[in-house]
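Given next are the chains, with one letter for each unit.
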Amino acid sequence: MKRKVSSKIKYYLNVWLAVLRHSLSKAGTYRIEVLVRSLRGIFLVVIQVIFINAVMGNQDHFAGWTLDEMYLLAGIFNAVNYVSWSLFSINLWRLEEKVMKGEFDFLLLKPFSSIFGASFTEFFVDDAMSAISGLLLVGYYVIKHFAELTILNVGASLIMIICAFFIWFSFELIFASFDFIAIKNGTREIKKQIVGIGKFPVDIWEGNFKILFYTLLPIAFVGTVPAQALLGNLDWKYIVMGIAISVLFLFIAKVIWNQCLKRYTGAGG
Amino acid sequence: MLVTNPKKFAKIAYKTSQLFLSMELTHRAQIAAWVIADLFQPFVLAVLWSTVARNGGGGFTGDQMVTYFFMVAVVSKLTKDYSDQYMTNKIMYGEFSKYLVKPFHYLSEVFGISMGFRFLRLIILLPFLLITYLYFKDQIMISLSLLHIGLFFLAAILGFLINFMLGNTFALVAFFIKQILGIRSLYENVITFLSGEVIPILAMPLWAVFIVKGLPFRYTLSFPIEIITKQLMDFEIYKGFLIGVLWLVLLVILYKVLYRFAIKKYEAEGI
């Protein structure tokens, strides 16, 4: 059983590495696009620095966060956002078109799971370049506050960032699943707005909203919680909660995907 | 003149918007989702900036922020334009060729689609905006004088025209550079940032306000809001209109000049 699982992981890893090789050679052809995306990453940093400074005004703290901590939060969110975008979000975004044209059938014929086929069959190198904005902001914080970081906090933050990817992927998968029920359903726009909340500290919300963003719509785990983990401000129960929620969401997303997939007819063209 | 035959332009635009509406109305679920999505961002930003106001930062009140982002939801429906996306896709995929053989300028079709899109989103959103207004009535501070309302709509029309010309001028870049998606994202980021969609001009530092007021982006969103929320003195309103109109004229000239060069570059190969 254990051997079967590890060989399956190895197989998917090999397939994805082949996808990566293909995508890298494609990116070599579109060099200007890669360059422009890198510039965009830098521009995003400028925008966010101005935005955060405008939010902070003359105050030392905003909703309990200092200026540097706000940079860190924005940086983590950007990194998760743009890496997700290049890894699987664009693939899932294009699912609608594939369903509309009846092209999804080809993916179902391939020797891997439908979720993998829909999510990871292309890696968008140029979009990954926009993640530079995240790396710059996180890098700024890490360099400035290097002495304050502990291995434990860095480890906890990395675990939470992995959970953030799981949650982000689950969201994408759930909303993409609806394409099998109705094309042009517009729910992606809602998803985009929901995950966008993650770039602000969840502490700006009060009462039920705050609870909502830690549970049913766990956006807190996309930016706020990984940042708090690195700052050492996080209770261990949130780390356990983050892991549990990401696994649970992934499971729910898979169930929804499989149920919706049953509705796929292959009609279209 | 950009529009040589206004009657024909209007006729094509009207027909296109009708076609667009009938096509879009087949996807009702999408329309419902738009309503939710359209209200989402202004709501989140209103909460964020109200928190800033509560903290005593920025030099504005929470009510001002609620008003501002409520008006962002309204004005963006009036002025937002997606011509850049529509036209860059057409040029990129070689679909622009059809316009070369049609007996009208392609802008009349793009204008029609833009109007249809605007009409649809506005009509659907209207009841929800009304409910939101009634709910936040005590916090929303807008001027209901006829003069301000009239100037507001004039500024919104000017804002839309600037946005439309900006988008279509930008789209011409796709004739020269086929890998336009990255540049397009950058362009959209610039518009979002400088129009005041995310940071109200009220909250910007003085040096940024000075720059933003000289650029065309403010007139696509923030300017009509500033009028209806009585943030501007009379002379500032006139000055704003003057700068806006100047930008519009400049964009029309820029479009015409650029189009003459761009069309010679078109190869219809698509990618």
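The numbering scheme is per chain: residues are counted from 1 as the chain's sequence reads. Chain labels run from A onward and ligand labels from 1 onward, assigned in the order the entries are written. Whole-chain, interface and lining totals are the exception, using all residues; otherwise, since this is a predicted model, local features are given only for residues with pLDDT of at least 70 and side-chain atom pairs are given and counted only at 80 or more. Each side-chain value is worked out from all heavy atoms of the structure, with water and hydrogens disregarded.

- The name an unreviewed UniProt entry assigns to chain B is ABC transporter permease, from the organism candidate division WS6 bacterium GW2011_GWF2_39_15.

- Looking at an unreviewed UniProt entry, one finds chain A named Conserved membrane protein, multidrug efflux associated, with candidate division WS6 bacterium GW2011_GWF2_39_15 as its source organism.

**Details of the packing of aromatic side chains**
Piece 1. Pairing of aromatic rings covers Phe, Tyr and Trp, the last counted by its six-membered ring, and requires centre-to-centre distances within 6.5 Å; plane angles under 30 degrees mean stacked, over 60 mean edge-to-face, and any other angle means tilted. Per the stated rule, a full pass over the model turns up 50 aromatic pairs over all chains.
Piece 2. Here Phe180(A) and Trp257(A) contribute two aromatic rings whose centre-to-centre distance is 5.0 Å and whose plane-to-plane angle is 80°, an arrangement assigned as edge-to-face. Here Trp257(A) lies in helix H13 (residues 236-261) and Phe180(A) lies in the loop between helix H9 (151-177) and helix H10 (187-196), a separation of 77 residues in the sequence. Comparing Phe180(A) with Trp257(A), the two get one shared label, buried.
Piece 3. Consider the ring centre and the ring normal. A charge sits over the ring if Lys NZ or Arg CZ is within 6 Å of that centre and within 35 degrees of that normal. In this structure, Arg121(B) packs its charged tip against the face of Trp34(B), placed 4.2 Å from the ring centre. Under the scheme used here, helices are H or I runs from DSSP no shorter than 4 residues and strands are E runs no shorter than 2 residues, and both carry numbers assigned from the N terminus. Only protein chains enter the accessibility calculation, which uses a 1.4 Å probe. A residue is then buried if its area is under 20% of the maximum for its type, exposed if over 50%, and partly exposed in between.

**Structural notes on the interface of chain A and chain B**
Piece 1. Facing 34 residues of chain A, the contacting portion of chain B comprises 36 residues.
Piece 2. Carbon and sulfur atoms supply 73% of the area that chain A and chain B bury against each other, a total of about 3,200 Å² over both sides.
Piece 3. Basic side-chain nitrogens of Lys or Arg form a salt bridge, by our definition, when they fall within 4 Å of a carboxyl oxygen of Asp or Glu. Summed over the shared surface of chain A and chain B, the result is two salt bridges.
Piece 4. The partner of Arg54(B) in a salt bridge is Glu206(A), with the nearest N and O atoms 3.5 Å apart.
Piece 5. We call Asp, Glu, Lys and Arg charged. Ala, Val, Leu, Ile, Met, Phe, Trp, Tyr, Cys and Pro are nonpolar, and the rest, Gly among them, are polar. A per-class count over the side of chain A that touches chain B returns 20 nonpolar, seven polar and seven charged. Contacts are assigned to residue pairs that have any heavy atoms within 4.5 Å of one another. Two parts lose some accessible area (1.4 Å probe) when they are put together, and adding that loss for both gives the buried area.

**Here we look at the UniProt feature "transmembrane region" (unreviewed entry) in chain B**
Residue and element names in this part refer to chain B.
Piece 1. UniProt positions are given in the numbering used here, feature names are shortened, and annotations may be inferred rather than shown by experiment. Annotation from UniProt places "transmembrane region" (unreviewed entry) at residues 31-53, 65-83, 119-136, 148-177, 198-217 and 237-258.
Piece 2. Structurally, residues 119-136 is divided into 94% helix and 0% strand, and its ends, taken at the C-alpha atoms, are 25 Å apart.
Piece 3. Here residues 148-177 is 93% helix and 0% strand, with 43 Å between the C-alpha atoms at its ends.

**Observations regarding helix H10 (residues 206-214) of chain B**
Residues and elements named next belong to chain B.
Piece 1. Along H10, the residues classified as buried are Ala-208, Val-209 and Val-212. An end-on view of H10 places all buried positions within 100° of arc, on one side of the element. Those residues of H10 that are exposed and aimed more than 90 degrees away from the buried face are Leu-206, Trp-207 and Phe-210.
Piece 2. Those residues of H10 hidden inside the fold are in contact with helix H9 (181-194). The arc in question is formed by the directions pointing from the helix axis toward the C-beta atoms.

**Focus on the side chain of Thr79(B)**
Residues and elements named next belong to chain B.
Piece 1. Within the element layout of this structure, Thr-79 appears in helix H3 (residues 62-79).
Piece 2. Judged by its relative accessible area of 1%, Thr-79 is buried.
Piece 3. Residues within four places of Thr-79 in sequence aside, it is in contact with Arg-118, Ala-156, Gly-159, Phe-160, Asn-163, Thr-220 and Leu-221.

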